[in-house]
Every structure is written in structure tokens, then in C-alpha cells.
Amino acid sequence: MKNSVICIKTVPYQEILNLRDSLERLESWKEPLEVLEKYFTNPTTPINKKQVVKQYYSSAKLFETFNKEFESLIAESQKQLAIITQNQNS
């Protein structure tokens, strides 16, 4: 237990803040992704072709934006974790 307390104290506070910010940015996608989930998992409604085309386009753009941001956040979080881990080993 004492060893884990020492390890936590050696993690720079800025690294903790950076990781928290990344997690908050990921969390911000929760609501838009719920909209996409509703769109793709609602098989009981009748199909209106014009509406489907409009919704498909906007949903595709939303997913494309999310996917780019998600990949960026994952890469950033992995870097932050590597820095924290490297600092622990030093």
C-alpha cells in the first residue's frame, strides 16, 4: 500500500490533468453516439427513402468526425500513458 502511494505522488499533476481532459473529450461523444445508435437500431419504423438518404448522410458525417477524434484521443491517451509509465520507471 505504501509503495502505491509513492507511485501516485510521482506522477506529475499535469499528466493527470491531460489524461482527465482526454477522458472528458471522449465522454462528450456519448450523446451524439446515442443518436447514431437510435438511427441504426430502429428497424420498426417505416422506411421513408428521402429521409433515410438525409439521415444517412448526416450520420455518416457525424461518424466520420467522431472516428477521427476518437483515433486522435486514443493516440494522445496512449502517449500520455507512455509518459507516465516512463516517468515511473525513471
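Rules used in this analysis
- Residues numbered from 1 in each chain as written.
- Predicted model: local features only at pLDDT ≥ 70, side-chain atom pairs only at ≥ 80, totals over all residues.
- Heavy atoms only, no water.
- Helix = DSSP H or I, 4+ residues; strand = E, 2+ residues; numbered from the N terminus.
- Buried < 20%, exposed > 50% of the residue type's maximum accessible area, 1.4 Å probe, protein only.
- Contact = heavy atoms within 4.5 Å.
- Areas by Shrake-Rupley, 256 points an atom, 1.4 Å probe, with all protein chains shown as cover.
- Patch = residues over 30% accessible without salt bridge, like charges linked within 9 Å, V, L, I, M, F, W, Y side chains within 5 Å.
- Salt bridge = Lys/Arg side-chain N within 4 Å of Asp/Glu carboxyl O.
- pLDDT = per-residue confidence, 0-100.
- Expected span 1.5 Å × (residues − 1).
- Arc of directions from axis to C-beta.

A. Spatial organisation of the overall build of the chain. When helices and strands are counted, the chain shows four helices and zero strands. For the chain, the N- to C-terminal ordering of α and β elements is α-α-α-α. Per-residue burial over the chain gives 13% buried out of 90 residues. Restricting to contacts in the chain with at least 6 residues of sequence separation, those with at least 24 account for 83%. Accessible surface, the chain: about 7600 Å² in total, of which carbon and sulfur atoms supply 61%.

B. Focus on a nonpolar patch on the surface. A cluster of nonpolar side chains, namely Phe40, Ile47, Val52 and Tyr56, defines an oily patch on the protein surface of about 460 Å² accessible area. Secondary-structure assignment places Val52 in helix 4 (residues 49-89). By relative accessible area, which is 32% here, Val52 ends up partly exposed.

C. Region of the structure containing the confidence of the model for the chain. Per-residue confidence for the chain gives a mean pLDDT of 78, with 81% of residues at or over 70. The lowest-confidence element of the chain is helix 1 (residues 2-10), averaging 57 in pLDDT; the highest-confidence one is helix 2 (residues 13-27), averaging 84.

D. Highlighting helix 2. Between its first and last C-alpha, helix 2 extends 21 Å over 15 residues, near the 21 Å set by a 1.5 Å rise per residue. Listing the buried residues of helix 2 in full gives Glu15, Leu17 and Ser22. Along helix 2, the residues classed as buried sweep out an arc of 160° about the axis, all on the same side. More than 90 degrees from the buried face of helix 2, the exposed residues found are Tyr13 and Leu23.

E. A look at the side chain of Ser77. Mapped onto the elements of the fold, Ser77 is located in helix 4. On the accessibility criterion, Ser77 (16% relative accessible area) is buried. What Ser77 contacts, discounting residues up to four positions off in sequence, is Leu19 and Ser22.

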